[in-house]
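Residue strings, one per chain:
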Amino acid sequence: MSNVKFKVQPGGSIKGRIRVPGDKSISHRSIMLGAIAEGTTTVTGFLEGDDSLATLKAFQDMGVEIEGPEKGNVTIKGVGLKGLKKPSNPLDMGNSGTAMRLMAGILAGQDFDCELIGDASLSKRPMKRVTDPLRLMGAEIDTAEGGTPPLKITGTGEGSLKGIDYVLPMASAQVKSCVLLAGLYAEGTTSALEPAPTRDHTERMLNGFGYPVVSEKLDDQRMKASLQGGGKLTARHIDVPSDISSAAFFIAAATVSKGSDLVVEHVGMNPTRVGIIDILKLMGADIQLENFHEVGGEPVADVHVKYAPLKGIHIPEALVALAIDEFPVLFVVAATAEGKTVLTGAEELRVKESDRIQVMADALQAVGIDATPTEDGMVINGGKQTPQTTEIQSHHDHRISMAMTIAGLNAVSEIVIDDCANVNTSFPTFIELINQVGMTVDVV
Ligand code: S3P
């Protein structure tokens, strides 16, 4: 792919009414569960980004008939839990950790061998966190040295996986989902106990497909999700809400630029995803949630944001997992806030599409912000405009490309961001929409 750079002109205010593409997490899961359900699942609002398309193609490679996507519409002819076929080539998950980790759970329960591969960024990401519980369940999986992709999964056949009670060592929805999806193929009960609540789309969607998942809060407030193996999923319709993680760039943009007044419509408001709204409000943001309603088991609302002067805060650790994908842009917001913002308890950021603590600290320092990385977070002294013209590296990470675009709103001169084709993984219409609402960003 040729190198794509964003040239971001400084300043601007953000106005209008927009809709951002479908939720990435829900889009992945709609294909996975639709494929292993019985009957035909229809999806609207599907994210046509490289990540969710990698999942779609992987299931086509395993013999599932899938039509679309066509303007966000997808039709999946489910083959049932046992109907997947051995793919003739390794399944390429591209940049997507979600695709690789969740599919590992499904593939561990098949009776054929297969291999999961990924791009340069994904090939460096930790997979031991899913191979550990899957091996405890009886799966046979090999990784590269250091526990990174490719994953080579040996088909073990019916009855070979056993349910486990797994205590997750980190707050990860991908690990929880992987364990639960393998649990569909396992004997007995499988449960996943998380140290802090993470996104619960897998549990909600399995219930929606008629597969009971019990979620309970323990006395110490930890969440446990359990299911019984050997049931069946029944096809349904899925309406995918807009992705709050994509909306976040626009919510942040309107919050930090004077004169802004923006509505982002139909945004997913799952309580396990709304940390960004709570954190921005604690900093003083003017955000109203309007037109609250529910689509297919997921709450949605229109997010109405106006400019407001912000102050730095110590971000409550209880909100970290609920805003885990939003920290690149939250760091940019913190750089505009008066005083000190401190993030702790977010070491998971180091193993995302890039090391988001180091990469964002480098990027912010390069544009003249006082940002200090720590082992598990960052300290930012904000409140000044960014003085320097510079070129930023995205490090194969879509959210770095988009977050540093938003940094342009508070800059005094042009920012150039290198290696931005990755924005297509989650948000192919980002540039069109950001220019529509009032920024000036050229793609070169
Ligand atoms: C996701 C879970 C999160 C998140 C990722 C999507 C999911 O990852 O960062 O973008 O869809 O389950 P972790 O489970 O690694 O925290």
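Everything numeric in this text was worked out from a predicted model, so none of it was measured. (Residues numbered from 1 in each chain as written. Predicted model: local features only at pLDDT ≥ 70, side-chain atom pairs only at ≥ 80, totals over all residues. Heavy atoms only, no water.)

1. A look at the domain arrangement of the protein
Domain assignment breaks the protein into domain 1 (6-22 + 241-443) and domain 2 (24-239). The C-alpha-based centres of domain 1 and domain 2 are spaced at 28 Å. Counting from both sides, the interface comprises 29 residues of domain 1 and, opposite them, 26 residues of domain 2. Each partner contributes to the roughly 2,200 Å² buried at the junction of domain 1 and domain 2, and carbon and sulfur atoms together form 47% of this total. Contact with domain 2 buries surface across domain 1, with Arg273, Glu353 and Thr425 losing the most and accounting together for 22% of the total. In this assembly, domain 1 and domain 2 are joined by three salt bridges. Inspection of the region where domain 1 meets domain 2 yields 15 residue pairs in polar contact (both at pLDDT 80 or more). (Domains from an automatic or database assignment. Contact = heavy atoms within 4.5 Å. Buried area = accessible area lost by both parts, 1.4 Å probe. Salt bridge = Lys/Arg side-chain N within 4 Å of Asp/Glu carboxyl O. Polar contact = N/O pair within 3.5 Å; in protein donor to acceptor, adjacent residues only side chain to side chain.)

2. Looking at the sheet that holds strand E15 (residues 261-268)
Overall, mixed pairing links the four strands, which are arranged E2-E15-E17-E16 in an open sheet. The sheet is open, and its two borders are formed by strand E2 (15-18) and strand E16 (286-295), each paired with just one other strand. Neighbour-to-neighbour, the strand axes of the sheet open up by a mean angle of 15°, direction not taken into account. Bridge analysis of E15 against strand E17 (residues 298-306) gives six bridges, and the strand direction is antiparallel. Bridging across to E17, valine 263 finds its partner in histidine 304. Running over the sheet, helix H7 (residues 244-256) touches E2, E15, E16 and E17 and is turned about 165° from E15. (Pairing = 2+ DSSP bridges. Helix = DSSP H or I, 4+ residues; strand = E, 2+ residues; numbered from the N terminus. Axes fitted to C-alpha atoms, helices over the stretch in contact; angles between N-to-C directions.)

3. Describing the side chain of serine 172
Position of serine 172 relative to the elements: it lies in the loop between strand E10 (165-167) and helix H5 (173-183). In this structure the side chain of serine 172 is engaged in a polar contact, spanning 3.3 Å, whose partner is the backbone nitrogen of glutamine 174. Once residues lying within four places of it in the same chain are set aside, the contact partners of serine 172 are Arg129 and Thr198.

4. Quick look at the packing of helix H2 (residues 50-61) against helix H3 (residues 97-107)
Between H2 and H3, the least distance of the axes is 10 Å, while the angle of their chain directions is 30°. With respect to their mutual orientation, H2 and H3 come out roughly parallel. In the crossing of H2 with H3, the sense of the turn from one axis to the other is right-handed. Across from Thr55, Ala58 and Phe59 in H2, the residues of H3 making contact are Ala99, Met103 and Ile106. Taken together, the residues that form the contact of H2 with H3 break down as five nonpolar, one polar and no charged. (Parallel < 35°, antiparallel > 145°, perpendicular 65-115°, else oblique. Left-handed = near helix turned anticlockwise from the far one by under 90°. Nonpolar A, V, L, I, M, F, W, Y, C, P; charged D, E, K, R; others polar.)

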